[in-house]
Amino acid sequence: MNSIELEARAKINLSLDVTGRRDDGYHTVKMIMQTVALHDRVMLETAREGIEIQCNCRWVPSNESNIAYKAAKLLMETAGVKTGVKIVIDKRIPVAAGLAGGSSDAAAVLKGLNTLLELGLSTNELIRVAKQIGADVPYCILGGTMLAEGIGEILTALSPLKGVAVVLVKPKIGVSTAWVYSNLDLKNISRHPDTDLLISAIKNRDLSTLCKNTQNVLETVTIPKYGVIQRIKDTLMELGAIGSMMSGSGPTVFGVFKNAGTAERAYRHVRKFNWECILTSTY
Ligand SMILES: C[C@](O)(CO)[C@H](O)COP(=O)(O)OP(=O)(O)OC[C@H]1O[C@@H](n2ccc(N)nc2=O)[C@H](O)[C@@H]1O
Ligand SMILES: Nc1ncnc2c1ncn2[C@@H]1O[C@H](COP(=O)(O)OP(=O)(O)OP(=O)(O)O)[C@@H](O)[C@H]1O
């Protein structure tokens, strides 16, 4: 085998709480992460030497600043690999959107190279490498429905919440994760989500309790600056969503729907605005 193709899935944060700030500037979090069906395609091909990146999206760098490049370099150095690799990314996940598009590409590269180059690394060993690349990358190695703590790298599997209809809406703005965290005022958070309650709602597949009680505390930073995020949330609720919230550090908003039909009707409507819309489901 000299090539492999993987699906690198996007995530949404079904809840996002920040519990503190570490001395190194990173924040401690308590988040419920969920994979959605939307994905990039990542193709890996062995080469004689070096790391080459190709991507069909003009907003994504095709050089060493691509997070997929960093993942390949770190893994190949760690495993003492002497050959090279060509990485081709077919980008479908919106960029700088709060959907972990880059993190998921990086995780796909780690998993794919482990298989392609027969490195024999365990999942825990891959997670150890993933941690050094970014806070969301360890989760992207595992995927599914997970509680993420620490800075996002301490992962506990929850009851899988598959097949829930979701509409993703991204306004035409890019939001930097670093900017959001550095502008977060922990004293300004009046309401934290009850994560245990949300976990039991997921276990019972009780979307109504989940949506009524969830919270993304990073909205306290983004919504005052970008009113369009609140407008999208309101629009999705008016169109019949059970709940609607910003994913990660934004600006993408997701709406959760009772079934695929209501989601599709909302998607057709919301598509008329000047926003990027994707109809998908939890995976
Ligand atoms: C917002 C989320 O996407 C929610 O899943 C993650 O918490 C962010 O994960 P990520 O984008 O992989 O984060 P990194 O690439 O490691 O860090 C980007 C920036 O966010 C800040 N950051 C990130 C994660 C975290 N727990 N606390 C932070 O303060 C870091 O200081 C850094 O400046
Ligand atoms: N493979 C990649 N895919 C997307 N963006 C990349 C990639 N490599 C580097 N980048 C750069 O990283 C930045 C953040 O992109 P990304 O799509 O990963 O953000 P995000 O969805 O907000 O991530 P997260 O939810 O983990 O914070 C972009 O500005 C982009 O130029």
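What you are looking at is a predicted structure, and each value in this text was computed from that prediction instead of being measured.

(A) Up close: the site of ligand 2. Taken together, 21 residues sit near ligand 2, with Asn 66, Ala 96, Gly 98, Gly 102 and Asp 136 positioned nearest. One nitrogen or oxygen atom from the side chain of Ser 103 is found 3.4 Å from an oxygen atom belonging to ligand 2. Residue Asp 105 places a side-chain N or O atom 3.0 Å away from a nitrogen atom belonging to ligand 2. Protein chains bury 78% of the 610 Å² of accessible surface belonging to ligand 2 in isolation. Top element by residues in the shell around ligand 2 is helix α2 (residues 101-116). It accounts for 4 residues. The class makeup of the residues in the shell around ligand 2 is 10 nonpolar, 7 polar and 4 charged.

(B) A look at the site of ligand 1. Around ligand 1 there are 18 residues in total, and Tyr 26, His 27, Ala 135, Asp 136 and Tyr 181 lie nearest to it. Note that an oxygen atom of ligand 1 is positioned 2.9 Å from one of the backbone N or O atoms of Ala 135. Asp 136 places a polar side-chain atom, nitrogen or oxygen, 2.6 Å from an oxygen atom of ligand 1. Burial of ligand 1 by the protein amounts to 82% of the accessible area it has alone, namely 640 Å². Of all the secondary-structure elements, those providing two or more residues to the shell around ligand 1 are β1 (3-21), β2 (27-47) and α5 (177-182).

(C) Quick look at the UniProt feature "domain: GHMP kinase N-terminal" (unreviewed entry) in the protein. The UniProt feature table records "domain: GHMP kinase N-terminal" (unreviewed entry) at residues 66-144. Taken as a whole, residues 66-144 contains 56% helix and 9% strand, while its terminal C-alpha atoms sit 24 Å from one another.

(D) Region of the structure containing the pattern of salt bridges. For the coordinates displayed, the defined rule picks out 12 salt bridges. Of the charged contacts, one joins Glu 264 and Arg 268 as a salt bridge, the two residues approaching to 2.6 Å between their closest N and O atoms. Remark: Arg 268 and Glu 264 occur in helix α10 (residues 260-270); sequence separation between them is 4 residues, near one turn of the helix. Where salt bridges share partners, they join Glu 5, Glu 7, Arg 9 and Arg 41 into one cluster.

(E) Region of the structure containing the pairing of strand β5 (residues 145-149). Of all 5 residues making up β5, 4 are buried, and the element is well covered by its neighbours. As paired elements, β2 and β5 share 4 bridges and run antiparallel to each other. Counterpart to Ile 32 in the pairing with β5 is Leu 147. Bridging between β5 and strand β6 (residues 154-157) involves 4 bridges; their strand directions are antiparallel. Opposite Ala 148, over in β6, you have Leu 155 as the bridge partner.

(F) Quick look at the UniProt feature "binding site: ATP" (unreviewed entry) in the protein. Residues annotated by UniProt as "binding site: ATP" (unreviewed entry) correspond here to Pro 94, Val 95, Ala 96, Ala 97, Gly 98, Leu 99, Ala 100, Gly 101, Gly 102, Ser 103 and Ser 104. We classify Leu 99 as buried; its relative accessible area is 1%. Excluding its chain neighbours within four sequence positions, the residues that come into contact with Leu 99 are Ala 10, Lys 11, Ile 12, Ile 93, Pro 94, Leu 168, Ser 247 and Thr 252. Take Ala 100: it is sitting in the loop between β4 (84-90) and α2. Excluding residues within four positions of it along the chain, Ala 100 makes contact with Lys 11, Asp 136 and Cys 140.

What counts and how
Residues numbered from 1 in each chain as written. Chains lettered and ligands numbered in written order. Predicted model: local features only at pLDDT ≥ 70, side-chain atom pairs only at ≥ 80, totals over all residues. Heavy atoms only, no water. Near = heavy atom within 4 Å. Polar contact = N/O pair within 3.5 Å; in protein donor to acceptor, adjacent residues only side chain to side chain. Areas by Shrake-Rupley, 256 points an atom, 1.4 Å probe, with all protein chains shown as cover. Helix = DSSP H or I, 4+ residues; strand = E, 2+ residues; numbered from the N terminus. Nonpolar A, V, L, I, M, F, W, Y, C, P; charged D, E, K, R; others polar. UniProt positions renumbered as here; feature names shortened; annotations may be inferred. Salt bridge = Lys/Arg side-chain N within 4 Å of Asp/Glu carboxyl O. Buried < 20%, exposed > 50% of the residue type's maximum accessible area, 1.4 Å probe, protein only. Pairing = 2+ DSSP bridges. Contact = heavy atoms within 4.5 Å.

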